[in-house]
Amino acid sequence: MKHHSMLHSNTVKSDNSENKASGSRAVTNHHTGGKASLFRILPVTLHGNNCSISVFAFLDDGSECTLVEDDVVKKLGVEGRLSSTKHKLVDVRTVSKLDLPRQSIQYAKLAETCPYLRGLPVQDFEKAVPCILIGDDKDNAHVTATLKLREGQPGEPVAAKTRLGWTIYGKNSCKSESPAHIFHICECYKDESLHDLVTQFFSVESLGITETACPESEEVQRANQILRATTKRMGPRFETGLIWKYDKFEFPDSYAMAVRRLECLERRIRSDPVIGESVMRQMREYQIKGYIHKATEEELEGADPWRVWYLPLGVALNPKKPTKVPICSTVYWRCFLVFEKEMFHQVQIRKEDRHAQRLLWREHSSHEPDIYLMDVATFGAACSPCSAQFVKNLNAAEHAESFPAAVDAILRKHYVDDYLDSADNVDEAVKLALEIKHVHSLGGFQLRNWLSNSQDVLARVGDNDSVAEKSLQLDKDSVTERVLGVFWKLEKDMFTFSSAMSTHEERPTKRQALSIVMSTFDPLGFLAHFTIRGKIVIQSLWRAQTIWDELIPNKLCEQWTAWTRQFQCLHQVRIARCYFPHRSVNQIISLQLHVFVNASEEAFACVAYFRAEFKKHFEVALIAGKSKVAPLKVLSIPRMELLAAVIGVRLMNTIIDGHTLRIDECTLWSDSKTVLAWINSDHRKYRQFVACRVGEILTKTKQCQWRWIPSKDNVADDATKWGKNLVI
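How each quantity is defined
- Residues numbered from 1 in each chain as written.
- Predicted model: local features only at pLDDT ≥ 70, side-chain atom pairs only at ≥ 80, totals over all residues.
- Heavy atoms only, no water.
- Helix = DSSP H or I, 4+ residues; strand = E, 2+ residues; numbered from the N terminus.
- Contact = heavy atoms within 4.5 Å.
- Areas by Shrake-Rupley, 256 points an atom, 1.4 Å probe, with all protein chains shown as cover.
- Salt bridge = Lys/Arg side-chain N within 4 Å of Asp/Glu carboxyl O.
- Buried < 20%, exposed > 50% of the residue type's maximum accessible area, 1.4 Å probe, protein only.
- Axes fitted to C-alpha atoms, helices over the stretch in contact; angles between N-to-C directions.
- Parallel < 35°, antiparallel > 145°, perpendicular 65-115°, else oblique.
- Nonpolar A, V, L, I, M, F, W, Y, C, P; charged D, E, K, R; others polar.
- Core = buried A, V, L, I, M, F, W, Y, C linked by side-chain atoms within 4.5 Å.
- Pairing = 2+ DSSP bridges.
- Phe/Tyr/Trp six-rings, centres within 6.5 Å; stacked < 30°, edge-to-face > 60°.
- Lys NZ or Arg CZ within 6 Å of the ring centre and 35° of its normal.
- Polar contact = N/O pair within 3.5 Å; in protein donor to acceptor, adjacent residues only side chain to side chain.
- Arc of directions from axis to C-beta.

Within the protein chain one finds 19 helices and 34 strands. In the protein chain, of all internal contacts separated by at least 6 residues, the share reaching a separation of at least 24 is 75%. Approximately 36600 Å² of the protein chain is accessible, and the part contributed by carbon and sulfur atoms is 51%.

Right under this line is the structure:
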């Protein structure tokens, strides 16, 4: 769904096109290159509210967004007079200044030196500055799509016809040896958008602990219908179709774009032999493995011309990419996690859809590019995760009768291409692991990189990783160095934390402080009483109306410094992965779940524990915690305590749903007698705020499950009182 927040009815007019601009996000740009380079720019006239503006537009098929300068937008009204054929522009984002280089062209002189450019409807311009950039994003590709080309020799200018008219780009002279101009766009958020996102983060209704079941959208229903209709077994693997949003559509011509991307990759290969060797090796391996093949003449002739798309080739180096390990929330003893090798590539794509996955490749730049077809699901396609999951589950379902435990684990304990599970003993773990490997192999999937706290399990499963610990970072594609991350120490079978941030004495800006606070990974809330303090500082900056690049005020600097200094102690935190080490689940006589809730003017929180009764003693284990800052709109302490009770109930139900352990009793503790009185009375007589939240509490708990506890004994109090000493 596209986001439209401004300029809903504006139009952009040229000789043969219509465009519609909307959106409010900005980007930054960087450009380098020689003075003799030409951009793809052309004059357009923008119309709106009975006024018109003549500007120059830059057509950038390497940009994934469309931009227009603020000053231009302010001069446009709501609706312009329609006088020609138009095309709609979607998701246009404003930017204060594009800062594109000035461009000049003398067409008559250029046509004399480059005869193939003669006879084009191109006008001269001198030192023109583009103030609108039309990108090649999926909604606006029809505008920048190249309909016709006029080319000379390699290195000479190129004339391209688009729906906006003809544009000439490349070198400014047929005899010029100046390097081509390079233009890069990287997207960021405008301060207003960032403000809105964080405001939403701190809002009252961002309490959710569990997902609310919703009816399937039309998009999901359509995807499932396509998968069911096109997926079938083809020997040891499965074949499926791409998930198209519409039945009838047409792609713009992408061949020229693919050629430019290939040439860019070849320049990269020539400049870095290491990258070049890797690219060559991978392309050969893809052909050997059957992932791609060179298209035959029959295949090219039989392709639907409206469903042909060339995938741009490139390399993405990410030395800071986190280790591929999923979130871990385990219960029993022997824990092991594993990753599937090239999961998406094990799913074949049906022949009629493969032409939407064409790519150009050649081993020598002097040769003409060959057309290859990608025969399998790609890592860049939005539908690949969905298709791979569907195939994985379909393959498992075929073997449910023979391997019920393994199939249940495949269906419920996978996170995309990662598998995480636990067992009560070594023999059970090994048996389950081998069965899962076998079932996956029947669908063409291969499990690898097994990890476990038991070397015996690894040896018998056939993998023995000597790594001592693994990061449990959920965001696999993040290149941000995390300030706080959860690690699983295999040898001791403990969860611990690692901080990548050194203690900073200087004051940060509001933007820097937000980056540090948000760059944390503590999904179970083991340090909820710690992380909430950084969020409280951020909210205080909000109330103080501190701008993004302004240093935080002195009155908050002391709190900030006290909080950040605690990072150096986080590595001392040790939490057993197993709730009750050295105890079997079968030894538990009864298991109780206790949830504590508390609130203050600044925050509200909850924390949950298991209390297990064994033959001669009791043991208690931390399960999870949750903390939230108070809403920006001030609420009374009783209402804050009620919000704490709500997230406590939600956390309780999340824990119950996420465990296979039998929980005999659930108890919730609060030190607010007002909240307990609300829960134990007719909530319908209260105002909406109280009535709705008490109603949710009573639909998921019984009144007898709620008990009072003195504040000094309420462990959830650690997260809500800033003045208390931090205990880690």
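This part is about the pattern of salt bridges. Considering all chains together, one arrives at 24 salt bridges under this definition. Here Glu266 and Arg362 are joined by a salt bridge, their closest N and O atoms 2.7 Å apart. Within this pair, whereas Glu266 is found in helix 6 (residues 255-271), its partner Arg362 is found in the loop between strand 21 (358-361) and strand 22 (370-374), the two being separated by 96 residues in sequence. The exposure class assigned to Arg362 is buried, which follows from its relative accessible area of 11%. One salt bridge in this structure joins Arg511 and Asp549, with 3.0 Å as the shortest N-O distance. One end of the pair, Arg511, is in helix 14 (residues 510-518); the other, Asp549, is in the loop between helix 15 (528-543) and helix 16 (554-564), and 38 residues separate them in sequence. Judged by relative accessible area, Arg511 falls into the partly exposed class, the value being 29%. Under the relative-accessibility criterion, Asp549 is labelled exposed at 53%. A single salt-bridge network, built from bridges that share partners, covers Arg350, Glu352 and Asp353.

On to the packing of helix 6 against helix 7 (residues 273-289), then. It is at 5 Å that the axes of helix 6 and helix 7 come closest, and there the two elements cross at 125 degrees. Our classification of the angle between helix 6 and helix 7 gives oblique. When helix 6 is examined against helix 7, the residues Leu265, Arg268, Ile269 and Ser271 are found in contact with a partner set consisting of Pro273, Ile275, Gly276 and Val279. Here the residues of the contact of helix 6 with helix 7 sort into 5 nonpolar, 2 polar and 1 charged.

Quick look at the nonpolar core now. Grouped together as the largest cluster of nonpolar side chains are 72 residues, with contacts concentrated most on Phe580, Leu593, Phe610 and Trp706. For this core, the element with the highest residue contribution is helix 17 (residues 637-658), accounting for 11 residues. Counting residues in each nonpolar core, the second largest holds 24 residues, with Leu262, Met280, Leu360 and Tyr372 among its members.

All right, on to the sheet that holds strand 17 (residues 237-240) then. Strand order across the open sheet formed by 3 strands is 16-17-20, with mixed pairing between neighbours. Here the strands that pair on one side only, and so sit at the sheet edges, are strand 16 (232-234) and strand 20 (347-349). Across this sheet, the average inter-strand angle for adjacent strands is 45 degrees, counted without regard to direction. In the packing of helix 10 (residues 384-397) onto the sheet, contacts are made with strand 16, strand 17 and strand 20, and the angle to strand 17 comes to roughly 135 degrees.

Attention shifts here to the packing of aromatic side chains. Here the structure, examined in full by the defined rule, presents 18 aromatic pairs. Arranged with centres 5.3 Å apart and planes meeting at 80 degrees, the rings of Tyr255 and Tyr310 form a pair that is edge-to-face. A residue pair is termed long-range when its members are at least 10 positions apart, and Tyr255 in helix 6 and Tyr310 in the loop between helix 8 (297-301) and strand 19 (334-340) qualify at 55 residues. Here Tyr255 falls in the partly exposed class, since its relative accessible area comes to 30%. The class for Tyr310 is buried, based on a relative accessible area of 6%. Ring centres of Trp678 and Tyr686 lie 6.2 Å apart, and the angle between their planes is 65 degrees; this geometry places the pair in the edge-to-face category. For Trp678, a relative accessible area of 12% gives the class buried. The ring of Trp542 carries the charged tip of Lys510 above its face, separated from the ring centre by 3.8 Å.

Attention now moves to the side chain of Ser600. Take Ser600: it is sitting in the loop between strand 30 (590-599) and strand 31 (603-613). At 2.6 Å, the side chain of Ser600 and the backbone oxygen of Thr720 are in polar contact. Residues contacting Ser600, with those up to four places away along its chain left out, are Ile637, Met640, Thr720 and Lys721.

So, about the pairing of strand 32 (residues 618-629). Note that strand 31 and strand 32 share 11 bridges and pair antiparallel. Following the sheet pairing, Glu613 is matched in strand 32 by Phe618.

What follows is about the side chain of Asn598. Relative to the helices and strands, Asn598 resides in strand 30. Of the residues examined, Asn598 reaches a relative accessible area of 1% and is grouped as buried. Separated by 3.2 Å, the side chains of Asn598 and Lys721 make a polar contact. The residues touching Asn598, leaving out its near neighbours within four places in the chain, are Phe604, Ala605, Glu641, Ala644, Asp671, Asn714, Ala716, Asp717, Thr720 and Lys721.

With that out of the way, let us pick up helix 11 (residues 404-412). Turning to helix 11, its buried residues are Ala406, Val407, Ala409 and Ile410. The buried residues of helix 11 all sit within an arc of 160 degrees when viewed along its axis, so they share a single face. Turned more than 90 degrees away from the buried face of helix 11 sit Pro404 and Arg412, all of them exposed. Those residues of helix 11 that are buried lie in contact with helix 10, strand 23 (414-415), strand 24 (418-423) and helix 12 (426-441).

Before going further, it helps to examine unusual backbone geometry. A positive phi angle, close to 55 degrees, is found at Gln545, a residue other than glycine. With respect to the element layout, Gln545 can be found in the loop between helix 15 and helix 16. A positive phi angle, close to 65 degrees, is found at His582, a residue other than glycine. For His582, the location among the structural elements is in the loop between strand 29 (575-576) and strand 30. In this structure His582 comes out as exposed when scored by relative accessible area, which is 72%.

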